[in-house]
Amino acid sequence: MAKTEKNILSIANLSIGYGNKSVANNIDFDLEAGMLCGVVGINGIGKSTLLRTLGRFQPKLGGAISLNGQSLEKYGSNALSKVLSVVLTEQPASKNLTVQELIALGRQPYTNWLGTLTQTDKQQIEASLDAFLLNELRNSKCHELSDGQLQRVLVARAMAQDTSLILLDEPTTHLDLYHKVQILKMLQRLAHERQKTILFTTHEIDLAIQLCDRILILDGKEHPFGDPCELIEQKHFDRLFPSEMVQFDAKTGSFKVSK
Amino acid sequence: MLASRTYRLSFVLLVLALLCSLLLNISSGSVSIPFSDVLSLLGGTTPEIASWGYIVWEYRVPKAFTSIFVGAGLSLSGLLMQTLFRNPLAGPFVLGISSGASLGAALLLMGTSLLAGYTAFGFLGDVTLAIAASIGSFLVLLVVMVVAQRVKDTMALLIIGLMFGSITSAIVSVLAYFSSAENLQRFIFWSFGSVGNLSINQLLLLGGIVLLGVLLSITSIKSLNAFLLGEHYAQSLGVSLKKSRLIIIIATGVLAGGITAFAGPIAFVGLAVPHLTRQIFDTMEHKVLIPAVMLYGAILMLLCDTLAQLPNSASVLPINAITSLVGAPVVIWLLVRKRKMMF
């Protein structure tokens, strides 16, 4: 794929894994500003490993990752925190934080050594509270929130960090359908309205097909990447799961249990 | 972090409470001195009875300041550990840090005399004792930290901390068995805990140690706040994990170790005070919590010492017993009331 100026994230020939054991090889894709991209694939195929590698929580095994035109490894830790934010599956360590306090922590890369918030910081926090409908919950403690509310808070924190790339690991797990759609639509708006590049792993393939601009399928071999409709036409989803169990219905863009 | 409200009033009240407990502490003791005389003494006038001046200035005032340093420092080390280990039950005593300090002190007080007949206990001896206890607590802290990296389960971590406590106290017992009666007595008295009998030099040294711990904590405020989200999140916020973790560990080791060296192993202050503080200061912002737990700890320690003094009697109870009698019920009460302890 051609490297253009517009690319926020460029992945070339990436190998990921732990130590000597590679989990997935030859991953190639580029993401531009304002794109929402879902990563799908069966359990254990390396979705989380990919995210952890892109978030620099573990080293890559080979290939190149470039973020805003600069190699990921070259970023200093504070410089990286200004261009890349994450939402992880792990819960915040302290649930005694209020919503506002937790979101404010997203401003840490920009604050002074004491963490004093400037006017800009406060505006960002307010914008994040507004965008994720958290105004009324701002003084609630995190342990008082439902799963869906807490997930919104964590994404709002990432938005407050104001980075060009946001990585999310399974942001829709443990949520009911309504809240799954809610959080994904909010992510879509964040990407399109504020020109953020958002990459998330998910098992909600039918929702990802409807909402994402791009989808990366981790299948252990080719790792197809592209527009959801093109991927459907090229029958890439058909091969995702063993066909004797589930089959992909191209008309509805969803999976059916094989009779 | 954004403090949703300021805590100026609470801080003013705490400072007033600190001054009151300081006066209460200084005016009570084995020799009954009328309160008005204590006040005028502190104001600089010559007392009716000459020995009163000596008692207040040479004994009670240094003791009160030792209590303040000990209470403030131990509470701060408890707060640091609860954030670092992401565990509401962490504290210098629970995780075996105090036992480590005991081990360091025991090795110095009893061990070296076995080997070399070491008896030089001047100012240099105090420094050595402080260093030995700090190294002991620091080593245990490092081991606990390494284990904490591997064991994600906080319950397991606490049990391991308790086991380290058992191991160190076993080594202390072995040392005690082979030690001379004189050295053993010195160690036993040390282990009761005491905030009295510190010379001005010792007090200055203790103050310096606490100041160092406080300064290190203040430089870590931002990373401490980030650690509230967990280590991965902290890393993604630009916190250098290794560096900030090391600074926090050194601060904790210096505080818990140095204080334990001078005042003996004092239980429960480090564990209970951060939780008591959060009853008033409903925030997780360390910028607020660090001064708050220090004030709270100082007040609690002054009051415990006043109790230990048994007004108008010559007996002084071991301060360690008093803090346990006050601290343990507090922890139980918090657990029962809130069902779940949170940090």
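So, how was this worked out
Residues numbered from 1 in each chain as written. Chains lettered and ligands numbered in written order. Predicted model: local features only at pLDDT ≥ 70, side-chain atom pairs only at ≥ 80, totals over all residues. Heavy atoms only, no water. Contact = heavy atoms within 4.5 Å. Buried area = accessible area lost by both parts, 1.4 Å probe. Salt bridge = Lys/Arg side-chain N within 4 Å of Asp/Glu carboxyl O. Helix = DSSP H or I, 4+ residues; strand = E, 2+ residues; numbered from the N terminus. Nonpolar A, V, L, I, M, F, W, Y, C, P; charged D, E, K, R; others polar. Axes fitted to C-alpha atoms, helices over the stretch in contact; angles between N-to-C directions. Parallel < 35°, antiparallel > 145°, perpendicular 65-115°, else oblique. Left-handed = near helix turned anticlockwise from the far one by under 90°. Buried < 20%, exposed > 50% of the residue type's maximum accessible area, 1.4 Å probe, protein only. Polar contact = N/O pair within 3.5 Å; in protein donor to acceptor, adjacent residues only side chain to side chain. Pairing = 2+ DSSP bridges.

Peer 1: Could you clarify how one ought to interpret the interface of chain A and chain B in this entry?
Peer 2: The figure often quoted for interface size is the accessible area lost as the parts come together. Each side of the interface is counted separately: chain A has 40 residues, and chain B has 28 residues. Together, A:Ala93, A:Glu101 and A:Gln108 form the three largest contributors to the area buried by chain A at its contact with chain B, with a combined 19%. Counting across the chain A and chain B interface gives one salt bridge. Measuring nitrogen to oxygen at the nearest pair gives 2.9 Å for the salt bridge that ties A:Lys141 to B:Asp282. For the side of chain A that touches chain B, the secondary-structure elements that each account for two or more residues are helix H2 (77-81), strand E6 (84-87), helix H3 (99-104) and helix H5 (147-160) of chain A. Sort the elements by how many residues they give to the side of chain A that touches chain B and H3(A) lands first, with four residues. Of the residues in the side of chain A that touches chain B, the class split is 16 nonpolar, 16 polar and eight charged.

Peer 1: I would appreciate a short explanation of the packing of H5(A) against helix H6 (residues 177-194) of chain A in the present structure.
Peer 2: Working note: a packed helix pair is described by the angle between its axes plus the distance between those axes. Residue and element names in this part refer to chain A. Put simply, H5 and H6 touch, their axes get as near as 11 Å, and they point 15 degrees apart. Between H5 and H6, the angle is such that the two are roughly parallel. The handedness of the crossing between H5 and H6 comes out as right-handed. Judged by residue contacts, Gln-151, Arg-152, Val-155 and Met-159 of H5 engage Gln-182, Ile-183, Met-186, Leu-187, Leu-190 and Arg-194 from H6.

Peer 1: Where do I start with the side chain of A:Asp30 in this structure?
Peer 2: Residues and elements named next belong to chain A. Tracing the backbone shows Asp-30 in strand E2 (residues 21-32). According to the relative accessible area criterion, Asp-30 is buried, its value standing at 12%. A polar contact of 3.0 Å, which involves the side chain of Asp-30, links it to the side chain of Ser-10.

Peer 1: What is the right way to read the side chain of B:Asn320 from this model?
Peer 2: Topologically, B:Asn320 is positioned in helix H14 (residues 319-338). Side-chain polar atoms of B:Asn320 contact the backbone nitrogen of B:Ala267, separated by 3.1 Å.

Peer 1: Is there a simple way to explain the sheet that holds strand E1 (residues 7-18) of chain A in this structure?
Peer 2: The strands making up a sheet associate through hydrogen bonds between their backbones, and the pairing can be parallel or antiparallel. Residues and elements named next belong to chain A. Pairing within the open sheet is antiparallel, and its four strands lie in the order E2-E1-E4-E5. A single partner strand is all that each edge strand has here, and the edge strands are E2 and strand E5 (70-71). Relative to E2, E1 runs antiparallel, the two being bridged by eight bridges. Note on E2: the bridge partner recorded for Tyr-18 is Lys-21. In the packing of helix H1 (residues 47-54) onto the sheet, the strands contacted are E1, E2 and strand E4 (62-67), and the crossing angle to E1 comes to about 120 degrees.

Peer 1: When you look at the pattern of salt bridges in this model, what are you seeing that I'm missing?
Peer 2: Oppositely charged side chains can form a pair if their charged atoms are brought close together. Under the criterion given, the structure shown has 11 salt bridges over all chains. With a shortest N-O distance of 3.1 Å, A:Glu73 and A:Lys60 are connected by a salt bridge. You can see A:Glu73 sitting in the loop between E5 and H2 and its partner A:Lys60 sitting in the loop between H1 and E4, a full 13 residues away along the chain. For the salt bridge of B:Lys63 with B:Asp305, the shortest nitrogen-to-oxygen distance reads 2.7 Å. Taken together, the positions of B:Lys63 in helix H3 (residues 50-84) and B:Asp305 in helix H13 (residues 286-308) put the pair 242 residues apart, joining distant regions of the chain. By relative accessible area, which is 3% here, B:Lys63 ends up buried. Linked by salt bridges that have partners in common, B:Arg86, B:Glu231 and B:Arg245 make up one network.

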